[in-house]
Every structure is written in C-alpha cells, then in structure tokens.
Amino acid sequence: MTARRRFITLVPFAGVALLAACSKEVPAPAPAPMPMAEPTPAPVQMAPPAAADASTPTTAGAPTAELPLLQTSDPTAVALGYIEVANQVDGSKFQTYAAGQACNNCQLFGGYAGDEKGPCPLFAGKAVLAAGWCSGYVKKA
C-alpha cells in the first residue's frame, strides 16, 4: 500500500513534468535581417528659371512668342471645335456658343488684354488667337 500511496503522490508531479516537457515551444528561427534600404540619391539642384520678358505671359516657362500657333487641323483643336474667328462658329453644331464669346474673354486664356494670341491649358504648348473660340470656353469671372 505504501507503494500505491507513493505512486498517487508522485502522479501529479509526473503529470506536470510531462505537460511541461510536451508544451515546450520550439524556438522560432531568428528572423531574417531586414534588407538595407537603397540610399536615396541627393536632390538635383536645378537652375532658376530664366526671367521672361514681362510683356509676355508664360505657360510652363515658355514665353507666348515662342509658342507655335494652334492649327485648326490639330486633333485636339478638332475635338474641341476650335475656330480662329469666334463669330464664325456654327451655332447649330455648338449650341453652347453665345455671341461675344472669344478666347480673349475666356478664363483659360493666358494672354493679357490686348494680346493677339496667348497660351491655353487646353492646348498645351500651343498659343491660341484671342479672337478664337472652342467648346471649352469658360466665361472670365
């Protein structure tokens, strides 16, 4: 009987030891080192823009005098219905046209009052005639 009592007193300790042995976590492998980030290149220093003549407005740093005149055959001009003389707009084709609308009184026109031509963001890199018109016309506020 003493052996049985001794066995009963040791079973809890043996159970705990068995559980501890079985529940040991296998150590996870060490994480791989993080790859080194590529060094960022030093910022490129750009020369300041050349001073443009005050009499010519600019678009993307190009004076208006240097911009080529938009041709009515240009695909963007055709798509927007650009015409060089606003009062010749076909009102039945462009129902948004109203008498008196022209590039020189459009908010998008980049020229000054009295300029014969000026840049327009709808036709990037090209100058439009002040007397012209297109369907992108926005009344100047």
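Residues numbered from 1 in each chain as written. Predicted model: local features only at pLDDT ≥ 70, side-chain atom pairs only at ≥ 80, totals over all residues. Heavy atoms only, no water.

## Side note on the state of the cysteines
- According to the stated counting rule, one finds zero disulfides in the structure shown.
- Here C106 is not disulfide-linked; the sulfur of C120 is the nearest cysteine sulfur, at 6.2 Å.
- Distance from the sulfur of C120, which forms no disulfide, to the nearest cysteine sulfur (C134) is 5.9 Å. (Disulfide = S-S within 2.5 Å.)

## A short note on empty space enclosed by the protein
- Summed over all chains, the structure comprises one cavity of 30 Å³ or more.
- When its volume is computed, the largest cavity comes out at roughly 70 Å³.
- Around the largest cavity sit C103, C106, L108, F109, C120, L122, V128, W133, C134, G136 and Y137, which together line it.
- Tallied by class, the residues present in the lining of the largest cavity amount to 10 nonpolar, one polar and no charged. (1 Å grid on protein atoms, 1.4 Å probe; cavity = no way out; pocket = protein on both sides within 12 Å on 5 of 7 lines; lining within 4 Å. Points joined across faces, edges and corners; volume = space filled by probe spheres on them. Nonpolar A, V, L, I, M, F, W, Y, C, P; charged D, E, K, R; others polar.)

## A closer look at the nonpolar core
- Formed by L70, A77, Y82, C103, F109, C120, F123, V128, L129, A130 and C134, the largest nonpolar core amounts to 11 residues.
- Once residues lying within four places of it in the same chain are set aside, the contact partners of C134 are L80, G81, Y82, L122 and F123.
- Residues A86, F94, Y97 and W133 belong to the second largest nonpolar core, which totals eight residues. (Core = buried A, V, L, I, M, F, W, Y, C linked by side-chain atoms within 4.5 Å. Buried < 20%, exposed > 50% of the residue type's maximum accessible area, 1.4 Å probe, protein only. Contact = heavy atoms within 4.5 Å.)

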